[in-house]
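# Commentary on secondary and tertiary structure
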Amino acid sequence: MERIEHRACFGGWQDVYRHRSEVLGCDMTVGVYFPPQAAQGKRLPVLYWLSGLTCNEQNFITKAGAQRYAAEHGIILVAPDTSPRGDTVPDAEGYDLGKGAGFYVNATSLPWARHYRMYDYIVDELPSLVETNFPASDARAIFGHSMGGHGALVIALRNPGRYHSVSAFSPIVAPSQAPWGEKALGAYLGPDRTAWAQYDATELVATASEKLPILIDQGQADEFLDDQLKPWLLKDAADAAGHPVLVRMQPGYDHSYYFIASFIGEHIAHHARALRAG
């Protein structure tokens, strides 16, 4: 883990690291915020943030204002990139496929299968690096935005016992029923829609063995609400399965980081309570 950025922030440090990912077959960058409690020699819980389309680690660490709340609660924040990067990594025209659009899946179709294994990277490789190299415990929570909200929900639902809590801002809850998701899942996984179900939170919540409460904030003025996000699909499926979910529709808010920054403190407090209780 090579540190390439190091900035004082709310009594702690906002760092960025570069490392070689064996899972993705490329170098990756990841933002890590260490609250002031990290200097006291004890291992701290970790909250993973998954960003949305077009983003890298910089969007969250510079726009969300999350460090203040992580410092208050004594939580390490880890914000990885959204896809593999590099000259040898396949890409596509447009913003919603390829670099910056990994969709947190393990691709099985060519030319994507060699590098686009973001699911394994987030679930296994990155936590192993974090817990080996930093003062981090194995107490984990996960949240994200848009494509990253999709990733956080899917990863939490597929890995019972691994995370203490999950939440999302404006998530793509049913990628099998949204243009962004249909394009990405079709490319990465192929045309068989039965393979898509393992990366669709609305499908997964129906059979989840762990009823981990889900918190979702969604802006009512979000330009992608009706055609891409559709949080009511997850709410209906969760209600039918008896899975606790709270969807908070926020009047006036859109899809931007202004929305995220407005409620990030509440989300971090939600995770802090679960991490303490666990």
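Residues numbered from 1 in each chain as written. Predicted model: local features only at pLDDT ≥ 70, side-chain atom pairs only at ≥ 80, totals over all residues. Heavy atoms only, no water.

### Some words on the layout of surface pockets
Put simply, the largest pocket is a space of about 170 Å³. For the largest pocket, the full set of lining residues is Gly 52, Leu 53, Thr 54, Cys 55, Tyr 95, His 145, Ser 146, Trp 180, Phe 224, His 255, Ser 256 and Tyr 257. When the residues that make up the lining of the largest pocket are grouped by side-chain class, the tally is 6 nonpolar, 6 polar and no charged. (1 Å grid on protein atoms, 1.4 Å probe; cavity = no way out; pocket = protein on both sides within 12 Å on 5 of 7 lines; lining within 4 Å. Points joined across faces, edges and corners; volume = space filled by probe spheres on them. Nonpolar A, V, L, I, M, F, W, Y, C, P; charged D, E, K, R; others polar.)

### Some words on the sheet that holds strand S9 (residues 245-250)
Taken together, the 9 strands give an open sheet; going across it, the order is S1-S2-S3-S5-S4-S6-S7-S8-S9, and neighbouring strands pair in mixed fashion. With one partner strand each, in any of the chains shown, strand S1 (2-9) and S9 form the two edges of the open sheet. In this sheet, adjacent strand axes meet at a mean angle of 20° when their direction is disregarded. Judged from the 6 bridges that link them, strand S4 (residues 44-50) and strand S6 (residues 136-145) form a sheet pairing that is parallel. Residue pairing for S6: Tyr 48 is matched across the bridge by Ile 142. Strands strand S2 (12-21), strand S3 (26-34), S4, strand S5 (76-80) and S6 of the sheet are contacted by helix H3 (residues 118-133), whose axis makes an angle of about 145° with S6. Sitting on the sheet, helix H9 (residues 231-241) is in contact with strand S8 (214-219) and S9, with an inclination near 155° to S9. (Pairing = 2+ DSSP bridges. Helix = DSSP H or I, 4+ residues; strand = E, 2+ residues; numbered from the N terminus. Axes fitted to C-alpha atoms, helices over the stretch in contact; angles between N-to-C directions. Contact = heavy atoms within 4.5 Å.)

### Some details on the environment of Ala 197
Here Ala 197 lies in the loop between helix H6 (193-196) and helix H7 (201-204). Classification of Ala 197 by relative accessible area gives partly exposed; the value is 25%. On a C-alpha basis, the gap between Ala 197 and Gly 74 in space is 36 Å, while along the polypeptide they are 123 residues apart. Contact partners of Ala 197, with chain neighbours within four places excluded, come to Glu 203 and Leu 204. (Buried < 20%, exposed > 50% of the residue type's maximum accessible area, 1.4 Å probe, protein only.)

### Details of the nonpolar core
In terms of nonpolar packing, the biggest core is built from 68 residues, with Val 78, Phe 103, Ile 122, Ile 142, Leu 153 and Tyr 188 touching the most fellow members. Each residue touching Ile 122, except ones within four places of it in the same chain, is listed here: Leu 50, Pro 80, Tyr 104, Pro 127, Ile 142, Ile 155 and Tyr 163. Cys 9, Val 16, Ile 61 and Ala 272 belong to the second-largest nonpolar core, a separate cluster that totals 26 residues. (Core = buried A, V, L, I, M, F, W, Y, C linked by side-chain atoms within 4.5 Å.)

### Regarding the pattern of salt bridges
Enumeration according to the criterion identifies 13 salt bridges in this entry. The closest approach of N and O atoms between Asp 27 and Arg 20, which form a salt bridge, is 3.6 Å. Notably, a salt bridge pairs Arg 85 with Asp 81, separated by 2.8 Å at the nearest N-O pair. In this structure Arg 85 comes out as partly exposed when scored by relative accessible area, which is 28%. (Salt bridge = Lys/Arg side-chain N within 4 Å of Asp/Glu carboxyl O.)

Spatial relationships are all this shows, so hold off on functional conclusions.
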